[in-house]
Amino acid sequence: MTVVGHLINGQRREDSSRTQDVFNPAKGVASKQVALASKATVEEAIAAAQAAFPAWRDTPPMKRARIMFRFKELLEQNADRICALIGEEHGKILHDAAGELQRGIENVEYACGAPELLKGEYSKNVGPGIDSWSEFQPLGVVAGITPFNFPVMVPLWMYPMAIVCGNCFILKPSERDPSSTLFIAELLHEAGLPSGVLNVVNGDKEAVDTLLTDPRIQAVSFVGSTPIAEYIYKTATAHGKRCQALGGAKNHAIVMPDADLDNVVSSLLGAAFGSSGERCMALSVAVAVGDEIADALIARMTEAMSKLKVGAYDDKSNDFGPLITRQHKDKVVGYIASAEAQGATVVVDGRQARIAGCEEGFFVDATLIDRVTPEMTSYQEEIFGPVLQVVRVATMQDAMDLINAHEYGNGTCIYTRDGEAARYFSDHIQVGMVGINIPLPVPVAYHSFGGWKRSLFGDLHAYGPDGVRFYTRRKTITQRWPSANVREGAEFSMPTMK
Ligand code: NAD
């Protein structure tokens, strides 16, 4: 069976003392194995990155950016192969994988602007004959640890920007779908990246803990579930590293009585069930304001959901695919059962999904649950499956209080025709990314991505302008070239401009 290895110092490596199965989730069978890096292998990657750093930090930003331009072209030329690799191991349908890739490419495009983004700040005459400027220097060797649900896009949130800023990078992708991530890292080398600037180590906790504790790693970017994000943030910062750790979510959509229900139904279908709900921005809770809109929403959703098509990644007519593993499927099914046991009404039940030709696949069909209340486990925790829950409230303020009280604060949306209500909502909601009649308000590459509360540990959001700041360190230089015939005496008071 193929073993997916590592990419260290520009070379494929197979340190396969420990391996783990990689599944085709539509078929439910192991199709490959992934090597799990030992501490020694990760240390080798860090040494390669450290050795590459001096020459890379001195490479002009324009030359670094040119490699990213070529990388973008290679990503586009290899799009079919990349999407197939995503589909085989993640299970998302090819059209969805193409969307993921495009969003990733947009981060590469933003990184191509590094020469402009790194220009710094300059002030002439801050004192007599004195000039001052701030420049943004690379940190050194930095690391990224990424989740299974976007094996191409989330790594592209991180290393293109880190690298064009002059850093060297160690990526530890998800061990559940490693092939597309490794393949695009090879494309970046084909684009001209010098060996050692980007290294990929597949692995589990042993690899991650090595990155979190090794003193040569200056900063860690993480995207994944909240318990692990919290662990990463605490451990990395305790070891003196800069850290941004993005976690899980519970994204609510408020459906106001005046909402355009056609728009609500079509956009909720995609936002709740697209990618089998395995998106940190998936809309998993609809908060209906008033029973009248709740009843209408349930009726319309039930009808629309009967037309959804679920299946394997390579049939583009499918709307969404399987879940990532059997264990995750069992967990999602368990949440549906718990909601039912705690008093909610399962209106559309996806637990018995049967897909012809994919009988062993990890499928759950689209599920709709009504009369969910805040005490229920399925409301409090992230399900990460194709399950939409409906909570009924009396007023918009009740809906906002509910969202503000939730431990997560990643994304949210309001459906309304009332501009004043929408403005009040965006002003006062305790969530990092807000949509107004937009179900998945994922910021574009030239803004930054991040949630509030327990959806993000750290100060800076991912990619965009915050990405530039995260991967650089400000240095401020103040300079005077005194004239040979002007000599000032010693000055013992604090220098001022008085
Ligand atoms: P996960 O937390 O299980 O894994 C993420 C990474 O952490 C992987 O590389 C994994 O190998 C590593 N990891 C797992 N357990 C570890 C441990 N005990 N010690 C050290 N490292 C460990 O997440 P996942 O299941 O791959 O991804 C789904 C989660 O990611 C969901 O919660 C989703 O909301 C979240 N997510 C968040 C965002 C965001 O931007 N906020 C984006 C995508 C996914």
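What counts as what
- Residues numbered from 1 in each chain as written.
- Predicted model: local features only at pLDDT ≥ 70, side-chain atom pairs only at ≥ 80, totals over all residues.
- Heavy atoms only, no water.
- Domains from an automatic or database assignment.
- Contact = heavy atoms within 4.5 Å.
- Buried area = accessible area lost by both parts, 1.4 Å probe.
- Salt bridge = Lys/Arg side-chain N within 4 Å of Asp/Glu carboxyl O.
- Polar contact = N/O pair within 3.5 Å; in protein donor to acceptor, adjacent residues only side chain to side chain.
- Helix = DSSP H or I, 4+ residues; strand = E, 2+ residues; numbered from the N terminus.
- Phe/Tyr/Trp six-rings, centres within 6.5 Å; stacked < 30°, edge-to-face > 60°.
- Lys NZ or Arg CZ within 6 Å of the ring centre and 35° of its normal.
- Core = buried A, V, L, I, M, F, W, Y, C linked by side-chain atoms within 4.5 Å.
- Buried < 20%, exposed > 50% of the residue type's maximum accessible area, 1.4 Å probe, protein only.
- Pairing = 2+ DSSP bridges.
- Axes fitted to C-alpha atoms, helices over the stretch in contact; angles between N-to-C directions.
- Nonpolar A, V, L, I, M, F, W, Y, C, P; charged D, E, K, R; others polar.
- Disulfide = S-S within 2.5 Å.
- Near = heavy atom within 4 Å.
- Areas by Shrake-Rupley, 256 points an atom, 1.4 Å probe, with all protein chains shown as cover.
- Expected span 1.5 Å × (residues − 1).

A. The arrangement of the domain arrangement of the protein chain in detail. According to the domain assignment, the protein chain consists of domain 1 (3–247 + 455–477) and domain 2 (251–436). Domain 1 and domain 2 are separated by 31 Å when their C-alpha centres are compared. Contacts between domain 1 and domain 2 engage 23 residues on the former and 29 residues on the latter. Of the roughly 2200 Å² buried where domain 1 meets domain 2, counting both sides, 62% is carbon and sulfur surface. It is Ala26, Ile93 and Ser455 that lose the most area in domain 1 upon contact with domain 2, and together they represent 24% of the buried surface on that side. Seen at the junction of domain 1 and domain 2, the total is one salt bridge. Here Arg279 and Asp96 are joined by a salt bridge, their closest N and O atoms 3.0 Å apart. Scanning the region where domain 1 abuts domain 2 turns up nine residue pairs in polar contact (both at pLDDT 80 or more). Taken together, the elements giving at least two residues each to the side of domain 1 that touches domain 2 come down to helix 3 (79–90) and helix 4 (94–111). Of the residues forming the side of domain 1 that touches domain 2, the biggest block, five residues, is contributed by helix 3.

B. Local environment of the packing of aromatic side chains. Per the stated rule, a full pass over the model turns up twelve aromatic pairs. Aromatic rings pair up to connect Phe71, Tyr159, Phe169, Phe470 and Tyr471 into one cluster. The ring of Phe136 has Arg469 lying over it, and the distance from NZ or CZ to the ring centre is 4.0 Å.

C. Looking closely at the nonpolar core. Within the largest apolar cluster, 98 residues are counted, with the highest numbers of intra-cluster contacts made by Phe71, Leu75, Trp157, Tyr159, Ile163, Phe169 and Ile170. For this core, the leading source of residues is helix 6 (residues 153–164), giving ten residues. When residues are assigned to domains, this core turns out to be shared by domain 1 (3–247 + 455–477) and domain 2 (251–436), each giving three or more. In contact with Tyr159, not counting residues within four places along its chain, are Phe71, Phe169, Leu171, Ile184, Ala185, Leu188 and Leu198. Of all hydrophobic cores here, the second largest spans 36 residues; its members include Ala253, Val265, Ala288 and Ala353.

D. Structural detail: the sheet that holds strand 14 (residues 283–289). Pairing is mixed in the open sheet, where seven strands are placed in the order 15-16-17-14-13-19-20. Among the strands making up the open sheet, the edge pair consists of strand 15 (345–348) and strand 20 (433–436). Taken pair by pair, the neighbouring strands of this sheet meet at an average axis angle of 20 degrees, ignoring direction. With three bridges joining them, strand 15 and strand 16 (residues 367–370) adopt antiparallel strand pairing.

E. Region of interest: the packing of helix 8 (residues 205–213) against helix 9 (residues 226–238). Close contact between helix 8 and helix 9 brings their axes to 9 Å; oriented N to C, the two are set at 35 degrees. Of the residues in helix 9, those touching helix 8 at Lys205, Val208, Asp209 and Leu212 are Tyr231, Ile232, Thr235 and Ala236. Class assignment of the residues belonging to the contact of helix 8 with helix 9 gives a composition of five nonpolar, one polar and two charged.

F. Fine view of the pattern of salt bridges. Taken as a whole and judged by the stated rule, the model has 28 salt bridges. The partner of Glu43 in a salt bridge is Lys39, with the nearest N and O atoms 3.0 Å apart. Here Glu43 and its partner Lys39 are both found in helix 1 (residues 39–57), four residues apart, which amounts to about one turn of the helix. For Glu43, a relative accessible area of 29% translates into the label partly exposed. Its relative accessible area of 43% is what places Lys39 among the partly exposed residues.

G. Representation of the state of the cysteines within the structure. Tallied over the entire structure, the rule returns zero disulfides. For Cys168, which is in no disulfide, the shortest distance to another cysteine sulfur is to Cys165 and amounts to 12 Å. On the basis of relative accessible area, Cys168 is assigned to the buried category, the value being 0%.

H. How the structure looks around the site of the ligand. Contacts to the ligand come from 26 residues, most closely from Lys172, Glu175, Arg176, Ser225 and Glu382. Note that an oxygen atom of the ligand is positioned 2.8 Å from one of the backbone N or O atoms of Thr146. With respect to the ligand, the side chain of Lys172 contributes an N or O atom lying 2.7 Å from an oxygen atom. In isolation the ligand offers 840 Å² of accessible surface; the protein chains occlude 89% of this area. Of the residues belonging to the shell around the ligand, the class tally is 13 nonpolar, eight polar and five charged. Two domains each provide a minimum of three residues to the shell around the ligand, namely domain 1 (3–247 + 455–477) and domain 2 (251–436).

I. Seen up close, the environment of Val4. Tracing the backbone shows Val4 in strand 1 (residues 3–4). Its relative accessible area of 5% is what places Val4 among the buried residues. Here the alpha-carbon distance between Val4 and Gln33, two residues 29 residues apart in the chain, equals 6.1 Å. Setting aside anything within four residues of it in sequence, one finds Val4 in contact with Lys32, Gln33, Val34, Ala35, Pro178, Ser179, Leu182 and Asn202.

J. Molecular detail of the sheet that holds strand 7 (residues 130–138). With antiparallel pairing, three strands are arranged side by side in an open sheet as 6-7-23. Pairing within the sheet leaves two strands with one partner each, and these edge strands are strand 6 (121–127) and strand 23 (472–480). On average, each strand axis in the sheet is tilted by 25 degrees relative to the strand beside it, whichever way the strands run. Looking at chain direction, strand 7 and strand 23 are connected through nine bridges and run antiparallel.

K. Region of interest: helix 7 (residues 179–190). Spanning twelve residues, helix 7 covers 17 Å between terminal C-alpha atoms, matching the ideal 16 Å at 1.5 Å per step. Of all twelve residues that make up helix 7, ten are buried, and the element is covered over most of its length. One or two steps after helix 7, the chain reaches Gly192, where phi turns positive at roughly 115 degrees.

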